[in-house]
Amino acid sequence: MPHQFWLMKSEPDEASIDHLAAAPQQTLPWTGVRNYQARNFMRDQMRIGDGVLFYHSSCAEPGVAGLAEVASEAYTDETQFDSTSPYFDPKSSRDAPRWQHVDVKLVKKTRLLPLKDMRHAPELAGMRLLQPGSRLSITPVTPDEWRAVLARLGEAG
DNA sequence: GCCAACGTTGGC
DNA sequence: GCCAACGTTGGC
């Protein structure tokens, strides 16, 4: 039984649900988060086994594309030290790393639940994702919202 | 490509 | 510690 639930956004051009499915152990390191609130969720609140709604953003059909789970504790994001990486952070250092991430493991690729449909679902109206101006790439999901999304997807809880 | 909303930066 | 300027996000 997952202890908490999350929605994690990924640009499918970069890391789609299919990339996750094709990865070794169907697991990907969630590198590249450069927002303190999102980092803090990973570092302070996520636990192995937490439920994850895998969300495709910045694409033709944004929406929930699958279910995943948190597969590691938070650990150092190496891309912050890599000057050739788009996620390089010159202000970070080995002595005082700024950024951490968890690993995320596929549970199941689902049909797409489009953002458009989520916006029209009364039972999802409170989701952080749907609040005006919300841009956080990682947001908490309540148990009720989790169940409602799974119901919309036609998945058993 | 537009643009509104938001987070971060840095001068003061 | 304020706040204007800037960069980013992300749906449209």
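Conventions we followed
- Residues numbered from 1 in each chain as written.
- Chains lettered and ligands numbered in written order.
- Predicted model: local features only at pLDDT ≥ 70, side-chain atom pairs only at ≥ 80, totals over all residues.
- Heavy atoms only, no water.
- Salt bridge = Lys/Arg side-chain N within 4 Å of Asp/Glu carboxyl O.
- Helix = DSSP H or I, 4+ residues; strand = E, 2+ residues; numbered from the N terminus.
- Buried < 20%, exposed > 50% of the residue type's maximum accessible area, 1.4 Å probe, protein only.
- Near = heavy atom within 4 Å.
- Nonpolar A, V, L, I, M, F, W, Y, C, P; charged D, E, K, R; others polar.

Trainee: Honestly, the pattern of salt bridges in this entry has me stumped. Any pointers?
Mentor: Note that side chains of opposite charge can pair when their charged atoms are close. Evaluation of the coordinates by the stated rule reveals 8 salt bridges. Measuring nitrogen to oxygen at the nearest pair gives 3.1 Å for the salt bridge that ties Arg34 to Asp77. With a gap of 43 residues between them, Arg34 in the loop between strand S2 (27-29) and helix H3 (36-45) and Asp77 in the loop between strand S5 (75-76) and strand S6 (100-101) connect regions that are remote in the sequence. Put simply, Asp144 and Arg147 hold a salt bridge, and the shortest N to O gap is 2.6 Å. You can see Asp144 and its partner Arg147 sitting in helix H5 (residues 143-153), 3 residues apart, about one turn around the helix. Owing to a relative accessible area of 55%, Asp144 belongs among the exposed residues under this scheme.

Trainee: What is the right way to read the protein's contact with DNA strand C from this model?
Mentor: Near DNA strand C the following residues occur: Lys9, Tyr55, Ser57, Ser58, Pro62, Leu115, Arg119 and Arg135. The sugar-phosphate backbone supplies 74% of the atoms of DNA strand C found within 4 Å of the protein. In terms of residue class, the surface near DNA strand C is built from 3 nonpolar, 2 polar and 3 charged.

Trainee: What should I look at first to understand the environment of Thr110 in this one?
Mentor: With respect to the helices and strands, the residue Thr110 is situated in strand S7 (residues 103-114). C-alpha separation for the pair Thr110 and Ala156, spaced 46 residues apart in sequence, amounts to 12 Å.

Nothing here speaks to function; it is all geometry.
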